[in-house]
Amino acid sequence: MSVTHIGAAVRRKEDQRFITGRGQYTDDLSRPGQACAYFLRSPHAHAKIRSIDTAKAVAMPGVVAVLTGEDLAKDNVGGLICGWMIHSKDGTPMKAGPHPALAQGKVRYVGDHVAVVIAESLAEAKDAAEAVEVDYEVLPAVVDPALAQKATKGAEPVHAIAPDNTVFAWHLGDKAATDAAFKRAKHVTTIDLVNNRLIPNALEPRAAIGDYDPGTDAYTLYTTSQNPHVARLVLSAFVGIAPEHKLRVIAPDVGGGFGSKIFIYAEETVCVWAAKKVGRPVKWTAERTEAFLADAHGRDHVSHAELATDDKGKILGLRVKTIANLGAYLSTFASSVPTYLYAPLLSGQYDIPAIYCEVDGVYTNTAPVDAYRGAGRPEATFVVERLMEVAARQLGIDPAQFRKRNYIRKFPHQTPVIMNYDVGDYHASLQKALELADYRNFGKRKRESARRGKLRGIGFSSYIEACGIAPSQAVGSLGAGVGLWESAEVRVNPTGSVEVLTGSHSHGQGHETTFAQLVSDRLGIPIDQVTVVHGDTDKVQFGMGTYGSRSGAVGMSAIAKALDKVIAKGKKVAAHVLEAAEGDIEFKDGRFAVAGTDKALGFGEVALQAYIAHKFSGQELEPGLKEGAFYDPTNFTFPAGVHICEVEVDPQTGVTRIERWTAVDDFGVVINPMIVEGQVHGGIAQGVGQALLEGARYDKDGQLVTASFMDYCMPRADDLPSFNVGMTSTPCPSNPLGIKGCGEAGAIAAPAAVVNAITDALGHEDIAMPATPQAVWRACRKAPMRMAAE
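What you are looking at is a predicted structure, and each value in this text was computed from that prediction instead of being measured. (Residues numbered from 1 in each chain as written. Predicted model: local features only at pLDDT ≥ 70, side-chain atom pairs only at ≥ 80, totals over all residues. Heavy atoms only, no water.)

Regarding the overall build of the chain
Then comes step 1: When helices and strands are counted, the chain shows 20 helices and 28 strands.
Then comes step 2: In terms of principal-axis extent, the alpha carbons of the chain reach across some 90 × 75 × 50 Å.
Then comes step 3: Of the contacts formed within the chain by residues at least 6 apart in sequence, a portion of 80% connects residues at least 24 apart.
Then comes step 4: With the model as given, the accessible surface of the chain reaches about 28900 Å², and the carbon-plus-sulfur share is 52%.
Then comes step 5: If the 81 positive side-chain charges of the chain are averaged to one point and the 90 negative ones to another, these points end up 5 Å apart. (Helix = DSSP H or I, 4+ residues; strand = E, 2+ residues; numbered from the N terminus. Contact = heavy atoms within 4.5 Å. Areas by Shrake-Rupley, 256 points an atom, 1.4 Å probe, with all protein chains shown as cover. Lys, Arg positive; Asp, Glu negative; His and termini not counted. Charge placed at Lys NZ, Arg CZ, Asp CG, Glu CD.)

Structure below.
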């Protein structure tokens, strides 16, 4: 391949192995002598464990061991942790209950880990699991987050440390200023919203292989992880599996994550611990029903929100009270999602003088809830954009004009809820979106739909997100237990080929292509001479992983810094070889040249000379060409844009069809527009899934009734239209590449756009996600006069 420049739509290098079935996923791997693990899971949402009798199971054919929480405790294996400390508004720390990898004394949700059976085959492990006898004392379960704080009257709380099931009662903003703004308001818009619980369902289910080498007293964990270094850190420093230098974590090819593979789960903890205990590698791969039950879920908010405006439609203030369901245990980053990843985005793209938000995080007897694509930002956008749409309708102002009237105009802009937006042009994105959506002719299309007995609606979502999740100083002040920088190492081989070692992890984002594009562009070498290495803690010294659209803005910036050092070293080498002053060496298009002369060396030639080192004198220049860098940004990045959804509703069946979708996004500098557009498409699909189809449901006893694809509906190709995608660009000033991030935008923008379009078609606001055909049909029955008039 030729030299590839930033901004080129290069086909993904990694797709060759993926589409030909040559990927190497965790379940593709086998270790010599490995045994199979099967987890016995609680059938009850809330129960005390009186006893566990494993005798019959241990005696069954092929069984290697049956291990329980008691065995974990005897080996002093600690519980799983939550890595982000949140303090309540009274200053008290959040109430984090114990989270053992295998239940100890109590189970707290259906699917909780009771015991693990390890056998020669999976079938034998399953058979033996049925022979484990557990004596449960069933307790009342709490499932509805809105009732969790009231459910402990006469009932046992989920965790003793939180008698009222409240993890924290947190707030952000100026309450007095916000209350004063509402007193001045001429109009107040009020809405109640439920942000439905989602199950991530990555294509590849989670899997783990634990291996122990008695010769070196070292462990290896193969796992489906978005951040293997963080997994190693938690398992060594907090869970106590092994010292960090005695634990290697390898995350090979990973088939989708969407946040659900950030966390440290019970299964990988048990597999790596059990490998030493049984003296054999231990492998576990989730079945799809296990994924439904025990993967961390997403969203699940209940909110009451209000927007205050003056007599000219200018926003004066916003206040929100949210109850966030955190499930039965605090997952790795659970506490940050409904707090610092949520409330600081409630300003949206708007100049809102006063904002106040209260969030109560609650325990329930349901699967833990943590980050899922967008993580807090979709929840915030849904609140803000539903408020904006409803307020515009109540005030009789065109929704596009109402947004335009309240957009932030000058940058940088300090919001009243922490964030300092560095750059943007929201008007440009809206104007381009209106043109691409043919907004001026929407009325004609609506009348045509009415002639066919259909209802047509249009909905806006003017979203913003904070991503690149950094800088470390900022997140540390907000309670994060780690820094959120990123690392990179650039190794130049003597022949001029390059290996990039990155702490970012790829699970579908195309890093092997986009990272190589950056190297190709900066060093002037063909893209096929660049290899990207990630996902192995023995190869990459340390990294913080991939989530929050940070791989470009933070991960690639670390690579850029390392490349700067490589080029600087290359100039020194070229100066020695060309017998010139270092200050006279220029580097451009892959060549080191003496300024004003025809004396030059190609990048590969300089690389070779760096390793030959014949021209170096004394110790003033070390041989070799390898450089590393850590990058910690000065601010978050703030991608923003406008999505416009146009739907047609059949009032006789409740079927909603998305007729048009327009997305105009500002991602700053775009490395590969084809990959970025694919990320936008995928995000929209997930957001549409939430709006129309997906919703995890528990019954009153805590049984997950949507525990398979028979009951949990995922979006399919025919649920989606062709997307009309456009872009604007204001380069980000807080990283050297000007990147903002793109991975979560569609999932953040889409739910509000869809619901705003459906409510516009219906003529009322009484519809909740998922807006299934049944829900829409019922909503149509609530507005017969409006329908007839249309």
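Looking at the sheet that holds strand β4 (residues 106-107)
Across a sheet, strands are paired by hydrogen bonds formed along the backbone, either parallel or antiparallel in direction.
Then comes step 1: As summarised here, the arrangement of the three strands in space is β4-β2-β6, forming an open sheet in which the pairing is antiparallel. In the strand order of this sheet, the two ends are held by β4 and β6 (133-138), each with one partner.
Then comes step 2: Sheet topology note: the strand β2 (residues 47-53)/β6 ladder contains six bridges and is antiparallel. What sits directly across from K48, in β6, is E137. (Pairing = 2+ DSSP bridges.)

So, the packing of aromatic side chains
Then comes step 1: What the rule picks out here adds up to 18 aromatic pairs.
Then comes step 2: With a centroid separation of 5.1 Å and 80 degrees between ring planes, the pair formed by W170 and Y340 is classed as edge-to-face. One end of the pair, W170, is in strand β7 (residues 166-173); the other, Y340, is in the loop between β14 (315-325) and β15 (354-362), with 170 residues separating them in the sequence. Judged on exposure class, the residue W170 and its partner Y340 are both buried. (Phe/Tyr/Trp six-rings, centres within 6.5 Å; stacked < 30°, edge-to-face > 60°. Buried < 20%, exposed > 50% of the residue type's maximum accessible area, 1.4 Å probe, protein only.)

A short note on unusual backbone geometry
Then comes step 1: The omega torsion of the bond from F411 to P412 falls at 0 degrees, within 30 degrees of zero and hence cis.
Then comes step 2: On the secondary structure map, P412 appears in the loop between α10 (399-406) and β16 (413-414).
Then comes step 3: Of the consecutive residues M769 and P770, the connecting peptide bond is found in the cis state with omega at -5 degrees.
Then comes step 4: In this structure, P770 sits in the loop between α18 (745-762) and α19 (773-781).
Then comes step 5: Of note, the phi angle at N76 is positive, near 60 degrees, even though the residue is not glycine.
Then comes step 6: By the secondary structure assignment, N76 is in the loop between α3 (69-74) and β4.
Then comes step 7: Positive phi values are uncommon outside glycine, yet E579 reaches one of about 55 degrees.
Then comes step 8: If you trace the backbone, E579 turns up in the loop between α15 (551-578) and β22 (585-588).

Some thoughts on helix α17 (residues 673-693)
Then comes step 1: The end-to-end C-alpha distance of α17, which contains 21 residues, comes to 29 Å, matching closely the 30 Å that a straight helix rising 1.5 Å per residue would cover.
Then comes step 2: Burial analysis of α17 places 15 of its 21 residues in the buried class, which makes it a mostly covered element.
Then comes step 3: Sitting at the amino-terminal end of α17 is N672, which places a side-chain oxygen 3.1 Å from the backbone nitrogen of M674. (Expected span 1.5 Å × (residues − 1). Polar contact = N/O pair within 3.5 Å; in protein donor to acceptor, adjacent residues only side chain to side chain.)

Comments concerning the pairing of strand β13 (residues 301-309)
Then comes step 1: With seven of nine residues buried, β13 lies mostly within the body of the structure.
Then comes step 2: Of the strand pairs in this sheet, strand β8 (residues 187-195) and β13 are connected by nine bridges, and their pairing is antiparallel. Bridge pairing links H187 to T309 in β13.
Then comes step 3: Bridging between β13 and β14 involves nine bridges; their strand directions are antiparallel. Bridge pairing in β14 links H304 to K321.
Then comes step 4: Linking two consecutive strands that pair antiparallel, namely β13 and β14, is a turn of five residues; a positive phi of about 80 degrees is found at G313 within it.

Quick look at the sheet that holds β15
Then comes step 1: Reading across from one edge, β7-β15-β14-β13-β8 is the order of the five strands in this open sheet, with mixed pairing throughout. Looking at which strands have only one partner, the edges of the open sheet turn out to be β7 and β8. Strand-to-strand, the axes of this sheet are offset by a mean angle of 10 degrees, without reference to chain direction. (Axes fitted to C-alpha atoms, helices over the stretch in contact; angles between N-to-C directions.)

A short note on the side chain of S225
Then comes step 1: Inspection of the secondary structure assignment puts S225 in the loop between β10 (218-223) and α6 (228-238).
Then comes step 2: Among the polar contacts listed, one links the side chain of S225 to the backbone nitrogen of N227, at a separation of 3.0 Å.
Then comes step 3: The contact partners of S225, leaving out residues within four places of it in the chain, are A251, V254, K261 and H505.

Let's talk about the packing of helix α14 (residues 511-523) against α15
Then comes step 1: Between α14 and α15, whose axes approach to 10 Å, the crossing angle comes to 30 degrees. Relative to α15, the element α14 lies roughly parallel. The handedness of the crossing between α14 and α15 is right-handed. When α14 is examined against α15, the residues H511, T514, F515, L518, V519, R522 and L523 are found in contact with a partner set consisting of S551, M556, I559, A560, L563, D564, V566 and I567.
Then comes step 2: Grouping the constituent residues of the contact of α14 with α15 by class yields ten nonpolar, three polar and two charged. (Parallel < 35°, antiparallel > 145°, perpendicular 65-115°, else oblique. Left-handed = near helix turned anticlockwise from the far one by under 90°. Nonpolar A, V, L, I, M, F, W, Y, C, P; charged D, E, K, R; others polar.)

A closer look at the nonpolar core
Then comes step 1: Ranked by internal contacts, the top residues of the largest apolar core, which has 165 residues, are L346 and W661.
Then comes step 2: The greatest single-element share of this core, amounting to twelve residues, is contributed by α18.
Then comes step 3: Core analysis: the next-biggest nonpolar cluster, separate from the first, contains 48 residues, V10, A488, L563 and V566 among them. (Core = buried A, V, L, I, M, F, W, Y, C linked by side-chain atoms within 4.5 Å.)

Describing the packing of α17 against α18
Then comes step 1: At a minimum axis separation of 7 Å, α17 and α18 run at an interaxial angle of 45 degrees. Taken together, the axes of α17 and α18 lie oblique to each other. Remark: the crossing between α17 and α18 carries right-handed chirality. Side by side, α17 and α18 meet where V680, G683, I684, G687, V688, Q690, A691 and L692 of the first sit next to G746, A747, A750, P751, V754 and I758 of the second.

A short note on the confidence of the model for the chain
Then comes step 1: Looking at the chain as a whole, the pLDDT averages 96, with 98% of positions reaching at least 70.
Then comes step 2: Counting interchain partners and residues more than four positions distant, the pLDDT-below-50 stretch residues 784-790 has nine contacts. (pLDDT = per-residue confidence, 0-100.)

Things to note about the environment of T495
Then comes step 1: Mapped onto the elements of the fold, T495 is located in the loop between β19 (486-492) and β20 (498-502).
Then comes step 2: For T495, a relative accessible area of 66% corresponds to the exposed category.
Then comes step 3: Put simply, T495 and K312 are 183 residues apart on the chain and 68 Å apart in space, counted from C-alpha to C-alpha.

What to know about the side chain of N756
Then comes step 1: Considering the arrangement of structural elements, one finds N756 in helix α18.
Then comes step 2: A relative accessible area of 0% means that N756 is categorised as buried.
Then comes step 3: Within polar-contact distance, the side chain of N756 engages the backbone oxygen of E385 at 3.3 Å.

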